[in-house]
Number of protein chains: 2
Amino acid sequence: MYDLKFRIIKKDKFSAARLGEMETPHGKISTPVFMPVGTQATVKAMTPEELIELGTEIILSNTYHLYLRPGPEIIREAGGLHAFMHWERPILTDSGGFQVFSLASLREVDDRGVTFRSHIDGSLHFLDPEKVMAIQEDLGSDIAMVFDECVGYPASREEVEKGVERTARWAERCLKAHRRKDQAVFGIVQGGIFPDLRIRSAKHTVSLGFSGYAIGGLSVGEPKGMMYQMIETVIPYLPEEKPRYLMGVGTPEDLIEGVKRGVDMFDCVMPTRMARNGTVYTTYGRLVVRNASYARDFTPLDPHCQCYTCRYYTRAYIRHLLKAGEILGLRLTTIHNLHFILNLMANIRKALADGYLEEFAREFYAQCYSNKL
Amino acid sequence: MYDLKFRIIKKDKFSAARLGEMETPHGKISTPVFMPVGTQATVKAMTPEELIELGTEIILSNTYHLYLRPGPEIIREAGGLHAFMHWERPILTDSGGFQVFSLASLREVDDRGVTFRSHIDGSLHFLDPEKVMAIQEDLGSDIAMVFDECVGYPASREEVEKGVERTARWAERCLKAHRRKDQAVFGIVQGGIFPDLRIRSAKHTVSLGFSGYAIGGLSVGEPKGMMYQMIETVIPYLPEEKPRYLMGVGTPEDLIEGVKRGVDMFDCVMPTRMARNGTVYTTYGRLVVRNASYARDFTPLDPHCQCYTCRYYTRAYIRHLLKAGEILGLRLTTIHNLHFILNLMANIRKALADGYLEEFAREFYAQCYSNKL
């Protein structure tokens, strides 16, 4: 396992937030960080150069998808995921746990592992902790995640407890199976919305000794307040000196609230998926640029935005492209939304560095109060 | 009508080819030139900056599509097509003649104009020469095309003759209706595969006095030899000092053969459409990169190519992207194919300038003899 260096540069005086820096085999990352999602070895609609231009320091890619297509052997033969997809900066791969339980049609789960049918062609597959680690070693990501059992929401305490215990046993197997010296491994805390299970899961995961710790199984349908409460429950049990990663989160609001509660890393498909559906973030809240009301609107998506899209294109043109099914429309909204989120994170880091995170958050919320972000 | 300056820099000694330069309201164009097609106010999958990087000097956009969506009023309000789509270089718009007869479901054609149903929503529309010119004036293209009647292939001599005569009458109406001083207008020669009708159409069109002359109604299913013969038939009747445009053509071979026969301008959706279907041009002929045989091929699409795609990506990765339905796959193959065609045209111009077009053509054919380009 790679000895991932994580340095806390500054702690916020008014919250649990911290400004940090992480060193991975493919370079440094400033935290708190948002990781754009490149599910199938590409962040949808974007080139690596465009991601870099937007300030992307690390991306996430999905083990489940890459395992099914093109297959880990091909990526290994290509020289790993970085070489395969022409991305030279850090990559975190998830373990496929979440996807196996959400995307695939599940056949059987027991302590050995998971049997499921591919969402692509219905073919039958088996994944267990050992295989998942081997796949991630083939991918050659900078940070691998342990294979966990994701229990959905709502779920009974009994189900969630079983999931926590299985995740604990699988985490031990993942650690034991892992070989690569140039790859860090993060543990995952489960436990649904049950504080004591969350704490139990956190304690056990930390006892195993990972390079970082993720909070999984949130933002799966539970109320926002509950999610924040679970973060607050878990964080005190995670070691101060290791990075903390809130999986699959989130919205601008969730990023701010996560940072304030001590989270260092985030990923979410929402900015890119929303973009392709024609909804963009703006300083004043969400804007559904596909709407007919923008057909003759010759202003940029967000008048305060400096991204490529807002510098050169109007709402009327982008709406036309989306209505006409043109790829450029998806590119332009994706660029804008990723810029919005990455720029938000950069502003959060600046606010942390200069000690005005509270003010920043207050002003941000005030501006987009009228719309739900 | 704009007085489009066309200067012949050099004539080839062994063919009818010529090296030229055209001055439009939005800048100069070196000829022979290939115009990438931006049907719906975007060259599919590309940004304007990427097109410029590839050496694109002029693009074509489709009046029929833009008339239906978003509508010429919106584009006029945006400040014209250049401003609407963020493209500052020259634009040629076709007249919609070809699309009305090929894409729309046709209801009625008579001397007044054409009634048809939209291919998008089935709505009923009427276009005539006056309206088509007004739409193109709203679009504000540098070069507008007259509204012509396209008779398909095969067609009887009688049908083609009727088309030629109607096209002649419509051309006069187009000229009379046209107002913009900053927009050139090209006439179109029809006549199917009948040499005497082609000559009659050419003579009449030239007698009206346009800024340039197009040969329409070719590459619509007739044998290649017949197409070349028709070009050879028409060219002597077109004025030496005006640009000649072969519409909707073509393949690398057709570009070379067209240039040798005295054509200055070309457009075709094939390089971009083929790219999106997973077929790319290479020095050695076409390559269907979607094929399973490239799943583990870690070489570039074309080892001799210098385009962005070939510098950074492998066949295996591009195949993966296309199979997975990823937008980046379409972008990478489009960049490559446009580079191939635009680079071919640049090489043709260089060969013309240095007097070795025949040798260039011979070598080009020899290299990709084994595959059909």
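Residues numbered from 1 in each chain as written. Chains lettered and ligands numbered in written order. Predicted model: local features only at pLDDT ≥ 70, side-chain atom pairs only at ≥ 80, totals over all residues. Heavy atoms only, no water.

With respect to the relation of the copies chain B and chain A
Think of it as a corkscrew move, a rotation about one axis and a shift along it, taking one chain copy to the other.
Thought 1: When chain B is fitted to chain A, the best match, at an RMSD of 0.0 Å, comes from turning it 180° and sliding it 0.0 Å along the axis. Each copy turns onto its partner about a two-fold axis. Taking C-alpha positions as the reference, the residue of chain B nearest the rotation axis is Ile327 of chain B, at 3.7 Å. (Least-squares fit on C-alpha atoms with pLDDT ≥ 70 in both.)

Comments concerning the packing of aromatic side chains
Thought 1: Taken as a whole and judged by the stated rule, the model has 22 aromatic pairs over all chains.
Thought 2: Relative to Tyr365 of chain A, the ring of Phe364 of chain A has its centre 6.2 Å away and its plane inclined at 70°; by these criteria the two rings are edge-to-face.
Thought 3: On the basis of relative accessibility, which here comes to 25%, the residue Tyr365 of chain A falls in the partly exposed class.
Thought 4: Both rings, one in Phe147 of chain B and one in Trp170 of chain B, keep their centres 4.9 Å apart while their planes meet at 10°; by these two values the pair is stacked. One end of the pair, Phe147 of chain B, is in the loop between strand 10 (143-145) and helix 7 (157-177); the other, Trp170 of chain B, is in helix 7, with 23 residues separating them in the sequence.
Thought 5: The buried category is assigned to Phe147 of chain B, whose relative accessible area is 0%. (Phe/Tyr/Trp six-rings, centres within 6.5 Å; stacked < 30°, edge-to-face > 60°. Buried < 20%, exposed > 50% of the residue type's maximum accessible area, 1.4 Å probe, protein only. Helix = DSSP H or I, 4+ residues; strand = E, 2+ residues; numbered from the N terminus.)

Comments concerning the interface of chain B and chain A
Thought 1: Contact residues are listed per partner, giving 38 residues for chain B and 38 residues for chain A.
Thought 2: Taken together, the two surfaces of chain B and chain A that pack against each other cover about 3300 Å², and 59% of this comes from carbon and sulfur.
Thought 3: Its largest share of buried area at the contact with chain A, chain B owes to His320, Glu326 and Ile327 of chain B, together 17% of the area lost on that side.
Thought 4: For the pair chain B and chain A, the number of links is 6 salt bridges.
Thought 5: For Glu50 of chain B, the salt bridge goes to Arg331 of chain A, with nearest N and O atoms at 2.8 Å.
Thought 6: Our enumeration of links across chain B and chain A arrives at 20 residue pairs in polar contact (both at pLDDT 80 or more).
Thought 7: Sorting the residues of the side of chain B that touches chain A by element identifies helix 1 (48-53), helix 3 (72-77), helix 4 (81-85), helix 12 (308-312), helix 13 (315-323) and helix 14 (327-354) of chain B as the ones contributing at least two each.
Thought 8: Residue composition of the side of chain B that touches chain A, grouped by class: 22 nonpolar, 5 polar and 11 charged. (Contact = heavy atoms within 4.5 Å. Buried area = accessible area lost by both parts, 1.4 Å probe. Salt bridge = Lys/Arg side-chain N within 4 Å of Asp/Glu carboxyl O. Polar contact = N/O pair within 3.5 Å; in protein donor to acceptor, adjacent residues only side chain to side chain. Nonpolar A, V, L, I, M, F, W, Y, C, P; charged D, E, K, R; others polar.)

Description of the pattern of salt bridges
Thought 1: Enumeration over the complete set of coordinates arrives at 52 salt bridges over all chains.
Thought 2: Notably, a salt bridge pairs Glu21 of chain A with Arg7 of chain A, separated by 3.6 Å at the nearest N-O pair. In this pair, Glu21 of chain A sits in strand 2 (residues 18-24) while Arg7 of chain A sits in strand 1 (residues 5-11), placing the two residues 14 residues apart along the sequence.
Thought 3: Take Glu21 of chain A: its relative accessible area is 19%, and that puts it in the buried class.
Thought 4: Two residues, Glu165 of chain B and Arg200 of chain B, come together in a salt bridge whose shortest N-O distance is 3.1 Å. Placement of the pair is Glu165 of chain B in helix 7 and Arg200 of chain B in helix 8 (residues 195-208), with a sequence separation of 35 residues.
Thought 5: Judged by relative accessible area, which is 34%, Arg200 of chain B ranks as partly exposed.
Thought 6: A single network of salt bridges, built from pairs that share partners, joins Lys11, Arg18, Glu240 and Asp264 of chain A.

Some points on the confidence of the model for chain A
Thought 1: Looking at chain A, the pLDDT average stands at 96 and 99% of residues meet or exceed 70.
Thought 2: Scored as a complex, the prediction yields pTM 0.97 and ipTM 0.97. (pLDDT = per-residue confidence, 0-100.)

Comments concerning empty space enclosed by the protein
Residues and elements named next belong to chain B.
Thought 1: On inspection of all chains with the given rule, the structure shows 6 cavities of 30 Å³ or more.
Thought 2: Computed from the structure, the largest cavity encloses a volume of approximately 120 Å³.
Thought 3: The wall of the largest cavity is formed by 16 residues, among which Val151, Gly152, Val160, Gly192 and Ile193 lie closest to the centre.
Thought 4: Residue composition of the lining of the largest cavity, grouped by class: 8 nonpolar, 6 polar and 2 charged.
Thought 5: Estimates place the volume of the second largest cavity at around 80 Å³. (1 Å grid on protein atoms, 1.4 Å probe; cavity = no way out; pocket = protein on both sides within 12 Å on 5 of 7 lines; lining within 4 Å. Points joined across faces, edges and corners; volume = space filled by probe spheres on them.)

Here's the deal with helix 9 (residues 224-234) of chain B
Thought 1: Here helix 9 of chain B has its buried residues at Met227, Tyr228, Met230, Ile231, Thr233 and Val234 of chain B.
Thought 2: For helix 9 of chain B, the elements touching its buried residues are strand 11 (184-189), helix 8, strand 12 (212-215), strand 13 (244-246) and helix 10 (252-260) of chain B.

Regarding the packing of helix 14 of chain B against helix 15 (residues 357-367) of chain B
Residue and element names in this part refer to chain B.
Thought 1: Following both chains from N to C, one finds helix 14 and helix 15 inclined at 145°, their axes separated by 8 Å at the closest point. Residues Phe340, Leu344, Asn347, Ile348, Ala351 and Leu352 of helix 14 form the contact with helix 15, whose participating residues are Leu357, Phe360 and Phe364.
Thought 2: In terms of residue class, the contact of helix 14 with helix 15 is built from 8 nonpolar, 1 polar and no charged. (Axes fitted to C-alpha atoms, helices over the stretch in contact; angles between N-to-C directions.)

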